[in-house]
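Residue-level listing of the chains:
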Amino acid sequence: MKKSTVGTSLLVLLTFATFTCCLDARLQACQPSGKIRGIKPPPGQCNPENDSDCCRQGKMYTTYKCSPPVTGNTKAVLTLNSFQKGGDGGGPSECDNQYHSDDTPVVALSTGWYSGGDRCLNYITINANGRSVKAKVVDECDSTMGCDDEHDYQPPCPNNIVDASKAVWKALGIPEGDWGDYDITWSDA
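Residues numbered from 1 in each chain as written. Predicted model: local features only at pLDDT ≥ 70, side-chain atom pairs only at ≥ 80, totals over all residues. Heavy atoms only, no water.

Trainee: Kindly report on unusual backbone geometry, identifying the contributing residues and their values.
Mentor: Most of the time, phi is negative for any residue but glycine, and the peptide bond is trans. With a phi close to 55°, Asn97 is a non-glycine residue in the positive phi region. Inspection of the secondary structure puts Asn97 in the loop between strand S3 (74–80) and strand S4 (106–110). In this structure, Leu121 takes a positive phi of about 65° despite not being glycine. For Leu121, the location among the structural elements is in the loop between helix H2 (111–114) and strand S5 (123–128). Given a relative accessible area of 39%, Leu121 falls into the partly exposed group. (Helix = DSSP H or I, 4+ residues; strand = E, 2+ residues; numbered from the N terminus. Buried < 20%, exposed > 50% of the residue type's maximum accessible area, 1.4 Å probe, protein only.)

Written as structure tokens, this is what we have:
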């Protein structure tokens, strides 16, 4: 009888430890915060340069107020953006109200990583393709809103995006045919 009680106690303890472990992991995960319905952009209002998506009428888009936790080696998806006037980035950058040349290594971060502007004008280090590059954070890739004039009628940004100028892609030595979506890691510089 004693062995059965010890065995049951161990099983209960193991089950509780496993549940606590997994519950903590879920609490740290970034969950969607909502959805928005896409609208059809007015003629000429969405710039599809660099394979940018334009919102589609009636399509539901997921929104996020958070991003995955930042570590010394944070996994992300590198996307291509033009921060120049007239580029697919829309208006001037959020951090400094300026446009930036495609030849300058600059990025926009998903809303959670942008952290209300806390990373504005700071540098991050991006690693991919066996290389690394430092890039200045100049903008937010808005994960909470989209499909409106302010966001160039583009959908909300996913929560794991480092949206980079052509200079970043070139510095990482990624062949132009692979530009668009590329798995990377990044950290605060």
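We are not done yet, so read on.
Trainee: Can you tell me about the state of the cysteines, naming the residues and giving the values?
Mentor: What we call a disulfide is simply a covalent bond connecting the sulfur atoms of a pair of cysteines. Tallying each qualifying case throughout the model produces five disulfides. Two residues share a disulfide in this structure: Cys95 and Cys120, whose sulfurs sit 2.0 Å from each other. Judged by the sign of its S-S torsion, about -80°, the bond between Cys95 and Cys120 is left-handed. With Cys95 in the loop between S3 and S4 and Cys120 in the loop between H2 and S5, this residue pair connects regions lying 25 residues apart in the sequence. Given a relative accessible area of 18%, Cys95 falls into the buried group. A disulfide bridge connects Cys141 with Cys157, and the sulfur atoms are separated by 2.0 Å. Handedness here is read from the sign of the S-S torsion; for Cys141 and Cys157, about 90°, the answer is right-handed. Residue Cys141 is located in strand S6 (residues 131–141), and its partner Cys157 is located in the loop between S6 and strand S7 (161–164); the two are separated by 16 residues in the primary sequence. Taking the relative accessible area as the measure of exposure, Cys141 reaches 13% and is therefore buried. (Disulfide = S-S within 2.5 Å.)

Trainee: Account for the environment of Pro92, naming residues and giving values.
Mentor: Summarising the element assignment, Pro92 is placed in the loop between S3 and S4. Leave out the neighbours within four places in its chain, and Pro92 touches Asn97, Gln98, Tyr99 and Asp139. (Contact = heavy atoms within 4.5 Å.)

Trainee: Give me the lowdown on the nonpolar core, citing residues and values where you can.
Mentor: Nonpolar side chains in soluble globular proteins tend to be buried together. By size, the foremost hydrophobic cluster in this structure holds 23 residues, and its most contacted members are Leu78, Val107, Leu109, Ile126, Val162 and Val168. When contributions to this core are tallied by element, the ones reaching two or more residues are S3, S4, H2, S5, S6, S7, helix H3 (166–171) and strand S8 (181–188). What Val162 contacts, discounting residues up to four positions off in sequence, is Ala76, Val77, Leu78, Thr79, Val107, Ala108, Leu109, Trp113, Ile124, Ile126, Ile184 and Trp186. (Core = buried A, V, L, I, M, F, W, Y, C linked by side-chain atoms within 4.5 Å.)

So yeah, pure geometry; function would need other evidence.
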